[in-house]
Each structure stands twice: as structure tokens, then as C-alpha cells.
Amino acid sequence: MEVKASEISSVIKKEIEKFDIKTDFEETGEIIQVGDGIARVYGLENVMANELVEFPQGVFGMALNLEEDNVGCILFGSEKYLKEGDVVKRTGKVMEIPVGEELVGRVVNPLGQPLDGKGPVKTQNSLTMERKAPGVIARQPVKEPLQTGLKAIDSMIPIGRGQRELIIGDRQIGKSTIAIDTILNQKGQDVYCIYVAIGQKGSTIAKVVQTLEEHGAMEYTTVVMSAANDPAPFTYIAPYSGATMGEYFRDNGKHALVVYDDLSKHAWAYRQVSLLLRRPPGREAYPGDIFYLHSRLLERAAKLSDDLGGGSLTALPIVETQAGDFSAYIPTNVVSITDGQIYLEPDLFYGGVRPAINIGLSVSRVGGNAQIKAMKQVAGQLRLDLAQYRELESFAKFSSELDKSTQAQLVRGQKMVELLKQNQNQTLSVEKQVSLIFLGTKGFLDETPLKDLKRLEEEFFQYMESKYPHILKDINEKKALDDDLQAGLQGACEDFMSVFSAE
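What you see is a predicted model; the values in this text were computed from it and never measured.

Student: I keep staring at the sheet that holds strand β6 (residues 87–94) and nothing clicks. Help me out?
Tutor: Within a sheet, each strand pairs with its neighbour through backbone hydrogen bonds, oriented either parallel or antiparallel. Ordered by their spatial adjacency, six strands build a closed barrel running β1-β2-β5-β4-β3-β6, and the pairing between neighbours is antiparallel. This sheet shows a mean twist of 45° between the axes of neighbouring strands, independent of strand direction. Across three bridges, strand β3 (residues 51–54) lies against strand β4 (residues 60–66) in antiparallel orientation. Counterpart to glutamate 54 in the pairing with β4 is phenylalanine 60. Lying over the sheet, helix α5 (residues 232–251) contacts β4 and β5 (71–76), oriented at roughly 85° with respect to β5.

What follows is the structure in C-alpha cells.
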């Protein structure tokens, strides 16, 4: 068989034409130390801050410390299978969180992975975890109320959409309850809620989810969960994940509420991570940028300008104090960042006043701008009256004889304190709150014994709903008490008191 040289050369030419070298560049480094949720990596020279890096066994991490000779990474997974010398790859992507309406009704971890056993979360969008807060031009003043459904808060410490209101107090005196009641009260208000559980017991989070489900609140709520047994890096990124999920709604012209429960544990987790990364410790062993940790998180809450869609993100951070120490490091930091605080006092809580709000130390720096006009009209004097009552109460303990006006003020104060008490998970619509506070501030209850006030409240609402539903409807629609409405409400209160006292 004769082989022709021309045939061989044509075959070789065809093969050369098909020949293609694919080069794939990957920047890699190697682990030089691993443990306690931290890995030090050598060789990732061009890595970015907050970049996602890939470790063996499907573990991911985030570059946090960029030093001359190594990179300090926090790990989002078990370090059990990682060892010195393992290869680490750059992903080229800054840390991103899945966002969108697909997350509503789900319980997820800070990476957006489901924990509720309802299958995978298929989202179309993702946003970077650390995002710049909107500037002054991009914002507008807070002027739209976010009703909590709690009489004491909506009347005296109002919260507006786009506000940051701190809930502060010792452990186990109802901080989370206020936040959860606020979420329950958003039903039908077109507000998406995100509850971020930071370093809490799994059983506590399960109870919260159960409460939300029982009241139908999971239909508009996402729970971001970092349990107490999760590594510190998960706890550190949890609030930023929640903020990013809320920002998706804010930037699309919708309204969102995010609860950070609680930022004390967040600060502890960041301190742990920082000390392991050998960052220099400062006051109380916290790193120097602990203030920036919370300011860059809470500044993301805003009411956007109409040009940007007018969406809002409202933040309710919770901070735990030790033995009522309001002036500790983390509490004072967060107080100075937020637009007011709701301070819960143990003495009030154990004295049966719930929610145990100390009116003297609690404040909303947005004030009446976050209230409907009707509430301003009936509750304008309430805060001052209660503050004076608290002073008189302590003064009255030392005095045997009091003049009639002082006694009347004490009686009115006692009645109003009793009237503002509210059971857990029993929120009230704003029109019911307005009518009840009107009843109290106009002196209708001065002759009613304290023990009867709880029954009076229930019967008053039943009476208004059956006999005067148009008044409640008008308050809700007009959002202000004109002369006719005020006269109608006055008449309704007089009618009710005549029936109630007759009983």
C-alpha cells in the first residue's frame, strides 16, 4: 500500500487547525493555620476585602483581614475536614446574599440557605452583603407612621417608616415581645418583615416562628436564623444579610421592617472573630471599629426620596443591658446611632406594668411626624402627664397629706398607666387606640375603680364596634378628629360610661 505524502500533510494540517489550547487561570493560596472558625491563607495576593473564597470539601469563607504576608478568612462551615497545606481558591465575587419575594415565609440561615425543610429557595436576584447606605439627597424625612399596635408606643414613642428605634433593657423583660408584636401588627399593612435572630437558642427561635405562624404573620415575614451553636462568623454576618433582604424591598418602592435581635450578641461575635484574627483590642476588649460595625448596619434603614420610588426600610435593633446599665459601651454606641429608644425597666416589669416602658428615658426623635393627626390630638398631653405622675408618685410616698389637685393627678396617672397595659400578642388598630386614649385623657375613667379597667376596655371596644362602628371607620379614614368626629366620640364615650357605671 502506497502512502502519499500530500495526504499525510493534509491530515496533519486539519488536526493542527482543530487543535485549541484552553488556559484557565485560578489564583490559589494555601492554608497556613485553621481553627475556631478562622483560617489564615498564604498566597492570595490580589484577593478583595469581603471576597468569597473556596476551601476544600465545599466550605466557603470570606476574606476579612488583608495583611502583607497572609489573608485572614472567616469560615462558613465546619473546619473539621480542613488542614494546613490545603489549597484555597479565589472566586472573584464579593459576598452576596439571595434576595426577593421567594424568601418570604421561609426560615433561612445568614447565607440564604433554607432551614425549614420546605425545599430549596429559588431566588432570581442577589445583592452584596455590605452595601453603602443611601446619602442625604437619596432620603426624605420620616413622616409615615409604622403602627406597632401597642398603645404605649404608638401614643408616646411613635415609630415611622424609615426610622431606627432601639429597644433596650435587661434580659427577659419583653424586648423581643415588642418587636414580634410590631411584626404581627403589620398584617394587611403592605410591609414585608425580616426577623434576624442573632445567636439565640434554637428553641427560642422555634417559639417565635410558631407565634408568627399562628397569627398568619409568616405570609409576609422572613426569619434569618443564626443559632447559639453556630460559628461566630455566621452570627457576625446575620444582621447584614437581614438588612440586604430588606433593602431589596426598599429599593423597589416597597416597605420593609427588619428586627435585629439582638446586637449585643452581634458585638460579642465580632469581638471573638477580631481577637482570633489578632486585631488589637480596645475598650472592654472590643476592636476599634465596633462603633462602625453597627453604624454602617443601621444607616441602611431609610425612607427613600420619591424620585427613587419612596420605599422604606425601618430598623428595630434590640440591645441587652446588664443590671440596667444604660451607659455601658455597646448600649451608648447604639443609642447614639438610632433615632430614639424604648427603654424597658425591670422594676416596672416585675410590678406588673407590661410593656414595661420607662417613659422618662424612652424617646422618639421623629416624634409627632410619625403619628396620624388624630393620635397627636388625643395623646399630646399624655407623655407629660405620665412623667409628672411618676415624679408625684415618688414624692407622695413621703407625704401624708396631699391637696386635692395632686390627688386627682395621681388618680388620673394610675388610671392611664393601667389603661396602657397590654397583653402579649394582642395588638390594637390605631382607631381603637385613639378612642380608648380619648376615653382616658378626657377624664371619663376618674371614678372607675382600677380593678375594673381591664373589663372596661374589652366592653368599650365591643360597644364601639356594635353601636358606633362609623366613628371607628371615620377615624381610620380621616386620620384626624374634626369637630363633628370629636363631638361624636365624646357622645359615644358618655353613652358607654352611663351603661358601664349602671352595671
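Anyway, onward from the coordinates.
Student: How should I be thinking about the side chain of arginine 161 in this particular structure?
Tutor: If you trace the backbone, arginine 161 turns up in the loop between α2 (151–156) and β10 (166–169). According to the relative accessible area criterion, arginine 161 is buried, its value standing at 8%. Within the structure, arginine 161 has its side chain in polar contact with the backbone oxygen of glutamine 189 (distance 3.3 Å). Beyond its immediate sequence surroundings of up to four residues, arginine 161 is in contact with Val142, Glu144, Pro145, Leu146, Gln189, Val191, His255, Lys303, Ser312 and Thr314.

Student: Could you clarify how one ought to interpret the sheet that holds strand β13 (residues 255–261) in this entry?
Tutor: Overall, mixed pairing links the eight strands, which are arranged β8-β12-β11-β13-β14-β10-β15-β16 in an open sheet. Of all strands in the sheet, those bounded by a partner on one side alone are β8 (107–108) and β16 (363–364). Judged from the seven bridges that link them, β13 and strand β14 (residues 312–320) form a sheet pairing that is parallel. Across the sheet, residue histidine 255 finds its bridge partner in β14, namely serine 312. Strands β8, β11 (191–200), β12 (221–227), β13 and β14 of the sheet are contacted by α5, whose axis makes an angle of about 175° with β11. The strands touched by helix α8 (residues 329–337) within the sheet are β10, β14 and β15 (340–344), with β10 carrying the most contacts at an inclination of about 155°.

Student: Looking at this structure, how should I read the layout of surface pockets?
Tutor: If a probe as big as a water molecule is rolled over the atoms, it shows which places are left empty. Taken as a whole, the largest pocket spans an internal volume of roughly 1,100 Å³. Lining the largest pocket are 37 residues; nearest its centre among them are Gln172, Gly174, Lys175, Ser176 and Thr177. Secondary structure elements with two or more residues in the lining of the largest pocket: α3 (175–184), β11 and α4 (202–214). Among the elements that line the lining of the largest pocket, the one with the most residues is α3, at six residues. Grouping the amino acids of the lining of the largest pocket by side-chain chemistry returns 11 nonpolar, 14 polar and 12 charged.

Student: When you look at helix α15 (residues 469–478) in this model, what are you seeing that I'm missing?
Tutor: Owing to its 3.6 residues per turn, the α-helix brings residues three or four apart onto one side. Among the residues of α15, those classed as buried are Ile471, Leu472 and Ile475. The arc enclosing the buried residues of α15, seen along the axis, measures out at 100°, which places them on a common side. Those residues of α15 that are exposed and aimed more than 90 degrees away from the buried face are Lys473 and Glu477. Of the surrounding secondary structure, the elements contacted by the buried residues of α15 are α10 (373–379), α13 (430–441), α14 (453–467) and α16 (483–502). Lysine 479 sits one or two positions beyond α15 and adopts a positive phi of about 60°.

Student: Quick question: what am I supposed to make of the pairing of β12 here?
Tutor: Within a regular strand, side chains alternate between the sheet's two faces. The element β12 is extensively covered by neighbouring structure, given that seven of its seven residues are classed as buried. Side chains Thr221, Val223, Met225 and Ala227 of β12 all project onto a buried face; the interleaved residues Thr222, Val224 and Ser226 project onto the opposite face, where all are buried too. Note that β8 and β12 share two bridges and pair parallel. Across the sheet, valine 107 pairs through a bridge with valine 223, a residue of β12. Running through α4, the crossover from β11 to the neighbouring parallel element β12 is right-handed.

Student: Would you take a moment to explain empty space enclosed by the protein for this structure?
Tutor: Per the counting criterion, the structure on display carries two cavities of 30 Å³ or more. Of all elements in the fold, only α2 and α11 (382–396) reach the threshold of two or more residues within the lining of the largest cavity. A total of three residues in the lining of the largest cavity trace back to one element, the largest contributor, which is α11. Taken together, the residues that form the lining of the largest cavity break down as 10 nonpolar, no polar and three charged. Taken as a whole, the second largest cavity encloses approximately 40 Å³ of empty space.

Student: Honestly, the nonpolar core in this entry has me stumped. Any pointers?
Tutor: Across soluble globular proteins, nonpolar side chains have a tendency to be buried as a group. Ranked by internal contacts, the top residues of the largest apolar core, which has 83 residues, are Ile183, Leu212, Ile342, Leu386 and Leu439. Among the elements that line this core, the one with the most residues is α16, at seven residues. Apart from residues no more than four positions distant in its own chain, leucine 386 is found in contact with Met156, Ile359, Gly413, Met416, Val417 and Leu420. Core analysis: the second largest hydrophobic core is formed by 56 residues, Leu52, Tyr248, Tyr286 and Val335 among them.

About the cut-offs
- Residues numbered from 1 in each chain as written.
- Predicted model: local features only at pLDDT ≥ 70, side-chain atom pairs only at ≥ 80, totals over all residues.
- Heavy atoms only, no water.
- Pairing = 2+ DSSP bridges.
- Helix = DSSP H or I, 4+ residues; strand = E, 2+ residues; numbered from the N terminus.
- Axes fitted to C-alpha atoms, helices over the stretch in contact; angles between N-to-C directions.
- Contact = heavy atoms within 4.5 Å.
- Buried < 20%, exposed > 50% of the residue type's maximum accessible area, 1.4 Å probe, protein only.
- Polar contact = N/O pair within 3.5 Å; in protein donor to acceptor, adjacent residues only side chain to side chain.
- 1 Å grid on protein atoms, 1.4 Å probe; cavity = no way out; pocket = protein on both sides within 12 Å on 5 of 7 lines; lining within 4 Å.
- Points joined across faces, edges and corners; volume = space filled by probe spheres on them.
- Nonpolar A, V, L, I, M, F, W, Y, C, P; charged D, E, K, R; others polar.
- Arc of directions from axis to C-beta.
- Right-handed = clockwise from strand over helix to strand, strands pointing away.
- Core = buried A, V, L, I, M, F, W, Y, C linked by side-chain atoms within 4.5 Å.

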